[in-house]
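Observations on the model geometry
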Amino acid sequence: MDTTTLPIRPSTAADLADLVGRELGPTEWYEITQDRVNAFADATGDHQWIHIDVEKAAASPLGGTIAHGLFSLSLGPFLSSRLLAFDGFAHGLNYGYNKVRFPAPVPVGSRIRMRVTVNAADEVAGGIQVTTTQVVELEGSDKPVMVAESVARVVAGA
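First things first, this report covers the structure right here in the doc. Note that the structure is predicted; figures quoted are calculated from it, not measured.

Tallying each qualifying case throughout the model produces 5 salt bridges. Two residues, Asp-87 and Arg-9, come together in a salt bridge whose shortest N-O distance is 2.8 Å. Within this pair, whereas Asp-87 is found in the loop between helix H6 (76-80) and strand S3 (91-101), its partner Arg-9 is found in the segment before helix H1 (13-19), the two being separated by 78 residues in sequence. With a shortest N-O distance of 3.6 Å, Arg-115 and Glu-23 are connected by a salt bridge. With Arg-115 in strand S4 (residues 111-124) and Glu-23 in strand S1 (residues 23-24), this residue pair connects regions lying 92 residues apart in the sequence. The structure contains a network of salt bridges with shared partners spanning Glu-23, Arg-113, Arg-115 and Glu-137.

In structure tokens, the structure reads:
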């Protein structure tokens, strides 16, 4: 398995086990635009003013609109797939999250990127459960904007 080219593409339980403890990334920068935040607001029905009312948000202590925390979380599959791809398996599923935190806001107009650490790769009935920590960084900040422990299940090919 080539671990120098991203995304890394494991295809066996042993490949996944070899990744435990490894940090992958970061991804390329991803720009948080007002259009993307508005589209997320429309998709979820969460139209809180701090996300979509540019004028009102500019007068707030945050100084402008910010992305929804759940928008950052929803980018997890997209960003993490740039680092770790499960296309070497028959299929993979998002199994959930053990813990999610949003320690800092994401201002519209900023850029974020992700690092992923593989915490565990445990064989379970029907496949392998992969637990990772996803850390989303904000350009120019030392504080992460999202930290999530993600759980996926992958199934080996027939």
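A word on the environment of Val-135. Take Val-135: it is sitting in strand S5 (residues 127-138). Through-space distance from the C-alpha of Val-135 to that of Pro-7 is 16 Å; in sequence the pair is 128 residues apart. Not counting residues within four places of it along the chain, the set of residues in contact with Val-135 comprises Arg-113, Met-114, Arg-115, Pro-144, Met-146 and Val-147.

This part takes up the packing of aromatic side chains. Per the counting criterion, the structure on display carries 3 aromatic pairs. Arg-153 extends its terminal NZ or CZ atom over the ring of Tyr-95, reaching a point 4.0 Å from the ring centre.

Another point: helix H2 (residues 34-44). Since the α-helix turns once every 3.6 residues, residues separated by three or four places project in the same direction. Within H2, burial applies to Gln-34, Val-37, Phe-40 and Ala-41. Mapping the buried residues of H2 onto a view down its axis gives an arc of 125°, with all of them on the same face. Opposite the buried face of H2, by more than 90 degrees, sit the exposed residues Asp-35, Asp-42 and Ala-43. Close packing links the buried residues of H2 with helix H3 (49-52), helix H4 (54-58) and helix H5 (69-74). Note on H2: the residue one or two positions beyond its end, Gly-45, has a positive phi of about 80°.

So, about the side chain of Ser-60. Checked against the element boundaries, Ser-60 lands in the loop between H4 and H5. Residue classification places Ser-60 among the buried residues on the basis of a relative accessible area of 13%. In this structure Ser-60 touches Trp-49 and Ile-50, once residues within four positions along its chain are discounted.

The next subject is unusual backbone geometry. Residue Pro-7 follows Leu-6 across a cis peptide bond; omega there is 0°. Tracing the backbone shows Pro-7 in the segment before H1. The omega torsion of the bond from Gly-25 to Pro-26 falls at 15°, within 30 degrees of zero and hence cis. Summarising the element assignment, Pro-26 is placed in the loop between S1 and strand S2 (30-31).

Okay, the pairing of S5 next. Among the 12 residues that make up S5, 10 are buried, leaving the element largely enclosed by the rest of the structure. A loop of 2 residues connects S4 with S5, the two strands running antiparallel in sequence, and Gly-126 in this loop sits at a positive phi of about 85°. Pairing of S5 with strand S6 (residues 146-155), which is carried by 9 bridges, proceeds in the antiparallel orientation. Within S6, the residue paired with Val-130 across the bridge is Ala-152.

Formed by 31 residues in total, the largest nonpolar core has its most connected members in Ile-32, Phe-71 and Ile-112. Every element with two or more residues in this core is listed here: H1, H2, H5, S4, S5 and S6. Among the elements that make up this core, the one with the highest residue count is S4 (5 residues). Once residues within four sequence positions are removed from consideration, Ile-32 is found in contact with Val-37, Ala-67, Phe-71, Leu-75, Val-106, Pro-107, Val-108, Gly-109, Ser-110 and Ile-112.

Here is what the cut-offs are and how they apply
- Counting from 1, residues in each chain are numbered in the order their sequence is written.
- Two thresholds apply to this predicted model, a pLDDT of at least 70 for residue-level local features and 80 or more for giving and counting side-chain atom pairs, whereas whole-chain, interface and lining totals are computed over all residues.
- Hydrogen atoms and water are omitted, and side-chain values are computed over all heavy atoms in the structure.
- Only one rule defines a salt bridge in this text: a Lys or Arg side-chain nitrogen within 4 Å of an Asp or Glu carboxyl oxygen.
- The helix and strand labels rest on DSSP assignments: H or I over at least four residues marks a helix, E over at least two residues marks a strand, and numbering proceeds from the N terminus.
- Here, residues are in contact when the closest pair of their heavy atoms is within 4.5 Å.
- Working definition: a ring pair exists when centres of Phe, Tyr or Trp rings (six-membered ring for Trp) sit within 6.5 Å. Plane angles under 30 degrees give stacked, over 60 give edge-to-face, the rest tilted.
- Our definition puts a charge over a ring when NZ of Lys or CZ of Arg is within 6 Å of the ring centre and also within 35 degrees of the ring normal.
- Buried means the residue's accessible area, taken with a 1.4 Å probe over protein chains only, is under 20% of the maximum for its type, while exposed means over 50%, and partly exposed covers the values in between.
- This arc describes the spread of directions from the helix axis toward the C-beta atoms.
- Between any two strands, at least two bridges found by DSSP are needed for them to pair.
- Put simply, a nonpolar core is a bunch of buried Ala, Val, Leu, Ile, Met, Phe, Trp, Tyr and Cys residues held in one set by side-chain atoms that sit within 4.5 Å of each other.

Distances and angles like these do not, on their own, reveal function.
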